[in-house]
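Listed here are the chains, written in short residue letters.
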Amino acid sequence: MTTIYLETPIQAPRRTCFDFARSIDLHAASMSHTNERVVEGRTSGLIQLGEFVTWEATHFMVRQRLSSRIIELVEPEYFIDEMISGAFKSLWHKHSFVQRGNETLMIDDFKYEVPYGFLGSTFNFLALKNYLRKLLLDRNAIIKKASEANS
């Protein structure tokens, strides 16, 4: 299992950050460079507990789909999404929001397993982990910008 852990300080209330992180619309806008779009499930607004979304996007020149469901949600502290189907063996992502004065610390705990044994592990080591880390960092920058602009 590979883990990516990120902390993003945001000058905005926790509730604002929490809602922007759950926004299907903001997620789609933040991933426009991958031609990501919703093809099934929740298509706009704020995803809720028990709901799922299926995204279609191009990564590494391959068009693919990933479906995830919100399996835990405690407003505005955290939510967890888990892959239902997709290219990974497993994928689990906890989004946490800690209020610190006027700042919110947004924490990503992102865990995944790759398929295909040694080949998958090698690909993960050479390219995938850094690619996913950059996707998360780019998405967090957009959540930060939107949250700070709306607080």
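Up top is the structure.
About the criteria used
- Residues numbered from 1 in each chain as written.
- Predicted model: local features only at pLDDT ≥ 70, side-chain atom pairs only at ≥ 80, totals over all residues.
- Heavy atoms only, no water.
- Core = buried A, V, L, I, M, F, W, Y, C linked by side-chain atoms within 4.5 Å.
- Buried < 20%, exposed > 50% of the residue type's maximum accessible area, 1.4 Å probe, protein only.
- Helix = DSSP H or I, 4+ residues; strand = E, 2+ residues; numbered from the N terminus.
- Contact = heavy atoms within 4.5 Å.
- Axes fitted to C-alpha atoms, helices over the stretch in contact; angles between N-to-C directions.
- Parallel < 35°, antiparallel > 145°, perpendicular 65-115°, else oblique.
- Left-handed = near helix turned anticlockwise from the far one by under 90°.
- Nonpolar A, V, L, I, M, F, W, Y, C, P; charged D, E, K, R; others polar.

Caption draft 1: Representation of the nonpolar core in the model. Membership of the largest hydrophobic core comes to 18 residues, with the highest contact counts inside it found for Ile10, Ile24, Val53, Phe79, Phe97 and Ile143. Breaking this core down by element, the ones donating at least two residues are α1 (14-22), α2 (24-30), β3 (52-59), β4 (62-74) and α3 (117-149). If one sorts the elements of this core by residue count, α1 sits on top with three residues. The contacts of phenylalanine 79, once residues within four sequence positions are left out, are Phe18, Ala21, Arg22, Ile70, Glu72, Leu73, His93, Lys94, His95 and Phe97.

Caption draft 2: Expanded view of the packing of α1 against α3. Running from amino to carboxyl end, α1 crosses α3 at an angle of 135 degrees, the nearest separation of the two axes being 9 Å. Between α1 and α3, the interaxial angle falls into the category oblique. Note that α1 runs across α3; the crossing there is right-handed. On the side of α1, the interface is formed by Thr16, Cys17, Phe20 and Ala21, while α3 contributes Arg139, Ile143, Ala146 and Ser147. Class assignment of the residues belonging to the contact of α1 with α3 gives a composition of five nonpolar, two polar and one charged.

Caption draft 3: Structural context of the side chain of threonine 2. Relative to the helices and strands, threonine 2 is located in strand β1 (residues 2-10). Excluding anything up to four places from it in sequence, threonine 2 contacts Phe110, Lys111, Tyr112, Asn124 and Lys129.

Caption draft 4: Molecular detail of unusual backbone geometry. Cis peptide bonds are those with omega within 30 degrees of zero, and the linkage from glutamate 75 to proline 76 qualifies with -15 degrees. Positionally, proline 76 belongs in the loop between β4 and β5 (78-85). Of note, methionine 61 is a non-glycine position whose phi angle comes to about 65 degrees, a positive value. Residue tyrosine 116 is not a glycine yet carries a positive backbone phi of 70 degrees. You can see tyrosine 116 is positioned in the loop between β7 (103-113) and α3.

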